Amino acid sequence: MNTIPPVDLVRQYKSISDEIDSAVLEVVRSGRYIGGAVVSDFEKQLADYVGSSYCVGCNSGTDALYLALRALNIGAGDEVITTPFTFIATAETISLVGAKPVFVDMERDTFNIDVEAIEAAITPQTKAIIPVHLFGQPVNMTRLMKIAQKHNLYVIEDCAQGTGAKWGEDMVGSIGHIGCFSFFPTKNLGTCGDGGAITTNDQAIAQTITVIKEHGSAQRYYHDVVGINSRLDSIQAAILQVKLRYLEQWNQQRRDIAQRYHQLLIPISEIQLPQEIEGGYHVWNQYTILVKNKSNQETTTRDQLREKLQEQGIISMIYYPIPLHLQKVYHNLGYKKGDFPVTETAAEEVLSLPMFPDISPEEQEKVAYTLTQMLIGI
Ligand SMILES: *Cc1c(COP(=O)(O)O)cnc(C)c1O
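Everything numeric here is computed off the predicted structure, so don't read it as measured data.

Could you clarify how one ought to interpret unusual backbone geometry in this entry?
Trans peptide bonds make up the majority, and among non-glycine residues the majority have a negative phi. Following Tyr319, the chain continues to Tyr320 via a peptide bond in cis, the omega torsion being 5°. Mapped onto the fold, Tyr320 is located in the loop between helix 10 (301-311) and helix 11 (341-349). The backbone of Phe111 shows a phi angle near 70°, a positive value even though the residue is not glycine. A relative accessible area of 5% means that Phe111 is categorised as buried. Even without glycine at this site, His215 takes up a positive phi of about 55°. Of note, His215 is situated in the loop between helix 7 (203-212) and helix 8 (234-244). Overall, the relative accessible area of 41% leaves His215 in the partly exposed class.

Looking at this model, I keep getting lost on the site of the ligand. Mind explaining?
What surrounds the ligand is a group of 15 residues, the closest being Gly61, Thr62, Gln161, Ser182 and Lys187. With respect to the ligand, the side chain of Lys187 contributes an N or O atom lying 2.8 Å from an oxygen atom. Only helix 4 (61-71) and helix 5 (89-96) provide two or more residues apiece to the shell around the ligand. Per-element tally for the shell around the ligand: the top contributor is helix 4, with three residues.

Quick question: what am I supposed to make of empty space enclosed by the protein here?
Leftover empty space is mapped by rolling, across the atoms, a probe with the size of a water molecule. Under the counting rule described, the total for this entry stands at two cavities of 30 Å³ or more. Lining the largest cavity are 15 residues, with Leu9, Gln12, Pro185, Arg254 and Pro357 positioned closest to its centre. For the lining of the largest cavity, the secondary structure elements donating two or more residues are helix 1 (9-15) and helix 9 (247-265). Taken together, the residues of the lining of the largest cavity break down into six nonpolar, four polar and five charged. Here the lining of the largest cavity spans two domains, since at least three of its residues come from each of domain 1 (9-104 + 111-244) and domain 2 (247-376). Its volume calculated, the second largest cavity comes out at about 40 Å³. Asp109, Thr110, Phe111, Leu134, Phe135, Gln137, Pro274, Gln275, His282, Trp284, Gln286 and Thr288 are the residues that line the second largest cavity. Counted by class, the lining of the second largest cavity contains five nonpolar, six polar and one charged residues. Counting contributing residues, the lining of the second largest cavity receives three or more from each of domain 1 (9-104 + 111-244) and domain 2 (247-376).

Rules of the game
- Residues numbered from 1 in each chain as written.
- Predicted model: local features only at pLDDT ≥ 70, side-chain atom pairs only at ≥ 80, totals over all residues.
- Heavy atoms only, no water.
- Helix = DSSP H or I, 4+ residues; strand = E, 2+ residues; numbered from the N terminus.
- Buried < 20%, exposed > 50% of the residue type's maximum accessible area, 1.4 Å probe, protein only.
- Near = heavy atom within 4 Å.
- Polar contact = N/O pair within 3.5 Å; in protein donor to acceptor, adjacent residues only side chain to side chain.
- 1 Å grid on protein atoms, 1.4 Å probe; cavity = no way out; pocket = protein on both sides within 12 Å on 5 of 7 lines; lining within 4 Å.
- Points joined across faces, edges and corners; volume = space filled by probe spheres on them.
- Nonpolar A, V, L, I, M, F, W, Y, C, P; charged D, E, K, R; others polar.
- Domains from an automatic or database assignment.

Written as structure tokens, this is what we have:
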């Protein structure tokens, strides 16, 4: 039985292996492994693509978030508002700079922060909002920026899953004060290892981040602030230069795949399908359905379904099983079950189906056929 994986990075590599191989070899042969034109050229290309004036590469999406918070001087005594339905890095970096994450429930139809609920969470300590363009779906940035402006708050966009997504005409990462990107292999623009970047239109922010990511030094061996070592490696930058040229095409393929899933799965009323919100350009890092629970059962309907799919060789994923406010690491924040009911229900119902630009129509049909059989028995 051929299994259908959640993502297949080898297929993508094979489709462009000549270009990747020669880009990597060129760096290896050059002897210049840290920094250099290959990194600065990529930074410029990403800035142009996103439509921001500046881009600074770093070691990961997590570092990008950390550097963004540091550059805005956010720390002890400050609060930062974000969603509890995201990867841990979004909140973890708020904690790492000494600030306090404040969660706001999500919206069931978009999986993103409920923008209308943000204002109620703002206090005199609030310094910033981190919207996450989860699964590739852009947050309603028009509404969010209005609220941020009204309360004089910074906006750091977590674009880790949304490289290439747009709100209106604007690319995510160019709308808030800082955009944070991840090049983890499974992201829309993924490299062969770790990598990340920030984008901004503010020259001072870009400069501060450049200093903090290089051990707090603007001039070598002169250290002005406590920094870290966070580099986008030259080899990764070379790979990313190649892949960036394909990003629009791959995102379009993801959009076509999402549409095909939609057509195939629409007859199944037991599941809620994800949809692009009006005004948004969704780039489908994940295709995540909601499997409604039947009451009075020990295990969730979702978990049973996931197991049955696995028996048929279809590997689905659960992003995310435990909302951040209920994680052990955040017990100290004092949240309890019931605080964010939309998020908590979604955590029990979400199921991400195989999604990658090279998935074949036949594979998608098999996923849909299997789901249909299991849920409505035809
Ligand atoms: C992947 C991801 C990150 C972190 O990126 P890394 O490069 O893995 O550090 C942050 N936020 C979200 C929403 C992510 O999906």
